Amino acid sequence: RRLGPASTATHPLATAPVGSPSHNVDGFVREFLHELNTNQGVTLSASSLNDQYLALASTVKNYLMARWLETGLKTRAAKVKTVGYLSAEYLLGRQLDNALLASDLADIAEKGLELCGIDLADLRVQEVEPGLGNGGLGRLAACFIDSLATMDVPSIGYGIRYEYGIFRQTFVDGRQVEQPDTWLALGAPWEFPHPESAVQVHFGGHTERYADDGGQERTRWVPSWNVLAVPYNYMVPGYLNGRVNTLRLWSAQATKAFDLQIFNSGDYAQAVRAQTFAENISKVLYPEDSTPQGKELRLQQQYFFVAASLRDFIDHELEPGFDLHRLPERITFQLNDTHPVIAVPELMRILIDEHGFDWDEAWEVTRQCFDYTCHTLLPEALEVWPTELLGRLLPRHLEIIFQINDQFLSLVRQTYPGDEMLARRMSMISEHPERGVRMAFLATVAASRVNGVAELHSQLLRDKVLPDFSSLWPEKFTNVTNGVTPRRFVRLSNPLLSELITDTIGAGWLTDLERLKELEPYADDPQFRERFAAVKAANKHRLTDLLRARDGIDLPDGHLLDVMVKRLHEYKRQSLKLLHIVSLYEQVISGKISAADLTPRTVVFGAKAAPGYRMAKDTIHLINKVAAKVNAAPELEERLKIAFPANYNVTLAETLIPAADLSEQISLAGMEASGTGNMKFALNGALTIGTDDGANVEIRRLVGDKHFFLFGMDEPAVSALGAKGYNPGSCYEANPQLKATLDLILSGHFSDGDRHLFDSVVYNLLNQDRFMALADFQAYVDTQAKVEERYADQEAWTRSTILNVARTGYFSSDRSMRDYLQRIWHTSPML
Ligand code: B1N
C-alpha cells in the first residue's frame, strides 16, 4: 500500500491547487449544473430535490476546495503549533448555510439557483443535520472549531464519525420513543473519506518484557485484535478569511488481518460477524448527557478515536523524521472532558515502547502536550473505568496508568510527608465500589492546564471537585468561560437582527462581537426600539410557520414566548418550570384568579431524555400530559399554552431561539457547569430568568441586575441547606399554593384519573428532591410575576432586550478561543 504523495509530475499546475470556479452567478450556475450532471448523473429537468441539494453541496465545496488545500500547504510549511481538539462529540448542525456564508456565496447561489428554477430554501431543508453530539459539550466543540478557523489558528478537530448520531425523538401518547438517526441515508456530501490514510488501532492481548539490542529491558504490547480507523475529513471554513481547517472523524472498519484469520479457519459466517463486531465501534453515539454509563463499547470508542488521532498527527501531519522530543512545539491536545483521556497513556506508550524514550523524557513531553477541560460538577458524571475492563482491553495502558499514579503519589508523599489519607484521596485508583481509574484525576495530573467552563464552575472545580490538586498545583488551574459562534447563532439564525445591527453600527461585529456595545445608546431611541421589536415579531412568525409545518403546532399570536430548551435532566429542573405552569392553571380552574389576570404566555419545551433515564422520561410524559390538559382548558381563555415540539436539535434551535422573549436557565445553583443556550438567548434579545449558576452569573453581571431576572438560592445557600438537611416535605406543607399544585397532579387530573401515573416524579420531589426544586418554587413564581410586570411595559422590555444584546458580545466563542490561546495553548493565529 502506497501512502503519501504518489505523483512525480512536473507540470506547473500539479503542485498548487487549481483555481476556484468564478465567484459570480454565471460561474456558479455552470459549476452547479456540472455537478448535477457529473456527480448526480442527472439533467436539471430530471433531478430530484435531493439531487439538487447534493449538487449544491458539491458546488460549494468546490469553491472552498482551493482554500482548504492552500491552508494545508501553508500550515505544513510554516511548521507552527497546531491545536488538536480531541472530542468524542461534535454537534455540528446543518452545513450548507454555514459554508455559503463562509465562502460569501449565499447571494450568488440564491440568484443562480433561481435561474435554474430552484428555491434555495427548498434545498436547505433537505439537509439532515449531523447530530454527532448530545448537547452543550458537543455543540461547544463545533463552535470552537468555527472560531479557530475564523481566527486563523491552525487546528484539527478529531472525533468519531458515528453512523447513528443522537436519536430522533418522537412522542407516542406523550411518551418519548427513540428512532435511529439515519443521517447518512441520503448521502453525505460534506465528508471526504480517505481509506488510503486509514490507521490501525489495537486492543486486548497482553504485555511482555524483552531485552532490546543494547540489553535494555523494555516492554511490548502484544494485542489480540485490531480495527481499521478510516478518516473522514470535513471542511471547517473560517468566516470570509480564506482559511479552511479540518475536522477529522474516524470510522471503524474490520482489518484484513482480522477477518482473514477467521476466513482461513473456514467459518464464513463467523468472519462476517467479526466484521460487524469491529464496525460496531463507530456505530452509535451514546445518548447520555452528563451521566456516562461505564460501557465497554464506550471505552473502545474512546481509545479508538484517540489512538487513531495521535497516530495520524505523528505519522501524517508531522514531517518524516521529526524529533518527537520537540512534539510540544507542534501540537497541543485539548481534552474535551475525560472522554479522550486515554490519549495520555497512549502517547506515553508510543514514546516509550515505539520510540525508545525513557520514562522521564516521555512524561516531560506528554505533560506538555495535553490540557484538560472539565465540563461538570455532578459526581456521577466523573468517569471511572474499572481496572478489570481497562486491563482487559488495554493492558499496556493500565500498566502505564499505574506507573503514572505511583510516581505521582511519591510526589504527594514527598510534599506532604505522613499524610497517607491525602495520598489515598488523590490516588488515580479508587477502590470502591470496585477498583477503577478516576479519569479526571489522571487528566489533572497529566495536563499542563486544567480549566472549568465558567467562572463559578472553575471556582467550584478548584474548591470542591479537585481541592487537593488545586492546593498542590494552584497555577495549573484556570477558567475559560464558554462562548458560542455568532456566525451560526446570530448571523445565520437571525438574519433580520443581523441586518438591523449592521445597519446601525456597521459591519465588523460578526468577528468582533464586543462591538455590539455600540448598540447601547440605541436602547433609548424609540425608533430603534420599534425596529428591534419588529424583528422579534417577525422571528415569532417564522417560528409559528415552522412549528405548524413541522409539528402541526399552532402558536397563538401576541403571547410572551417563554422557552426552556436543553437536555432533560433533574438538575436542570424542567420540573420546576412545570410546577409554575400547573400552579397558574390550578389557580384559574379553582377560581383563585381569573384568566384575565394571566399574562398571555406560551411555554415552549424542547428536550431529549437519555433512553435509560427513567425520571427524565417520566418528566417528558408529564409535560406532555399537562400540555394536553392546559391547551384544551376553556377556563384559560387561550392565555396559557404549552408547546413541546419533538426532537429538539440544532436546526430547531436556530429558529426557536431568535423568537424567544424569555430564556429559562433555572438549574440548581452549583450544578450547571456553564450553559451555552443561555448565551444564545441573550444575544438574540431574550431576557433571562435564571439562578446564580454557571455562566448565568457572568451574563447577569454584564447585562446588569435590572435586565436579568435572578431568583433562588445561590450555591453557598444550597450547600448550607444540604448540610443542614433538606426536607422537601416541609416546603410542601408550608406553602399552600405549592401543595395545591402537587395535589392536582397527584389527583390524576392530568392522567385521566390515574392517581399513580406520575408517582415517580411527584414522590421524588416530595421525598427526595435532590435538586431542591421545591425550595426554590416560591422565589421562582414570584420572579415570574416580575417578568410579567416588565413585559406589560413593552418599551421597558424592549429596552432591556436591546441592552442584553449590546452587553453580551463577551460570549462569542472567538473570545473563548482567545482566552485558550493566551492562558492555555500559548500559541497565536497564523496571519
Ligand atoms: O457541557 C457544556 C456546559 O455548558 C454544560 O453546562 C455542561 O452540562 C455540558 C458526558 C457530558 N458536561 N458534561 C457533559 C456530555 C456527554 C457525556 O457523555 C458528559 N456535557 C456537559 C459545555 O461546556
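Small disclaimer: the values here were computed from a predicted structure and weren't measured. (Residues numbered from 1 in each chain as written. Predicted model: local features only at pLDDT ≥ 70, side-chain atom pairs only at ≥ 80, totals over all residues.)

### A closer look at the sheet that holds strand 25 (residues 709–710)
Reasoning step 1: Ordered in space as 22-21-20-23-24-25, the six strands form an open sheet in which the pairing is parallel. Of all strands in the sheet, those bounded by a partner on one side alone are strand 22 (640–643) and strand 25.
Reasoning step 2: Taken together, the two bridges between strand 24 (residues 687–690) and strand 25 define a ladder with parallel strand orientation. Within strand 25, the residue paired with Ile689 across the bridge is Phe709. (Pairing = 2+ DSSP bridges. Helix = DSSP H or I, 4+ residues; strand = E, 2+ residues; numbered from the N terminus.)

### Focus on the domain arrangement of the protein
Reasoning step 1: Domain boundaries assigned for the protein yield domain 1 (23–78 + 103–122), domain 2 (79–94 + 129–481 + 819–825) and domain 3 (556–798).
Reasoning step 2: Taken over C-alpha atoms, the centre of domain 1 sits 35 Å from the centre of domain 2.
Reasoning step 3: Taken together, the residues of the side of domain 1 that touches domain 2 sort by class into five nonpolar, five polar and three charged. (Domains from an automatic or database assignment. Nonpolar A, V, L, I, M, F, W, Y, C, P; charged D, E, K, R; others polar.)

### Thoughts on the packing of helix 1 (residues 25–40) against helix 4 (residues 106–115)
Reasoning step 1: Contact geometry for helix 1 and helix 4: axes closest at 9 Å, N-to-C directions at 60 degrees. With respect to helix 4, the axis of helix 1 lies oblique. The handedness of the crossing between helix 1 and helix 4 comes out as right-handed. From helix 1, Val25, Phe28, Val29 and Phe32 reach across to helix 4, where they touch Ile108, Ala109, Lys111, Gly112 and Leu115. (Axes fitted to C-alpha atoms, helices over the stretch in contact; angles between N-to-C directions. Parallel < 35°, antiparallel > 145°, perpendicular 65-115°, else oblique. Left-handed = near helix turned anticlockwise from the far one by under 90°. Contact = placed C-beta atoms within 7 Å.)

### Examining the nonpolar core
Reasoning step 1: By size, the foremost hydrophobic cluster in this structure holds 227 residues, and its most contacted members are Ala229, Phe304, Ala343, Leu442, Val626 and Leu656.
Reasoning step 2: Setting aside its immediate chain neighbours within four residues, Leu656 contacts Leu543, Val563, Val565, Val604 and Gly606. (Core = buried A, V, L, I, M, F, W, Y, C linked by C-beta atoms within 7 Å. Buried ≥ 20, exposed ≤ 12 C-beta atoms within 10 Å, placed from the backbone.)

### Things to note about the site of the ligand
Reasoning step 1: What surrounds the ligand is a group of 21 residues, the closest being Gly136, Leu137, His375, Ala673 and Ser674.
Reasoning step 2: Its residues assigned to classes, the shell around the ligand comprises seven nonpolar, ten polar and four charged.
Reasoning step 3: Mapped onto the domain boundaries, the shell around the ligand takes at least three residues apiece from domain 2 (79–94 + 129–481 + 819–825) and domain 3 (556–798). (Near = placed C-beta within 6 Å.)

### Quick notes on the packing of helix 20 (residues 526–551) against helix 31 (residues 794–807)
Reasoning step 1: Direction vectors running N to C along helix 20 and helix 31 enclose 80 degrees, while the axes themselves pass 10 Å from each other. Accordingly, the angle class assigned to the pair helix 20 and helix 31 is roughly perpendicular. Contacts between helix 20 and helix 31 pair Arg529, Phe532 and Ala533 from the former with Glu795, Thr798, Arg799 and Ile802 from the latter.
Reasoning step 2: Looking at the contact of helix 20 with helix 31, its residues break down into three nonpolar, one polar and three charged.

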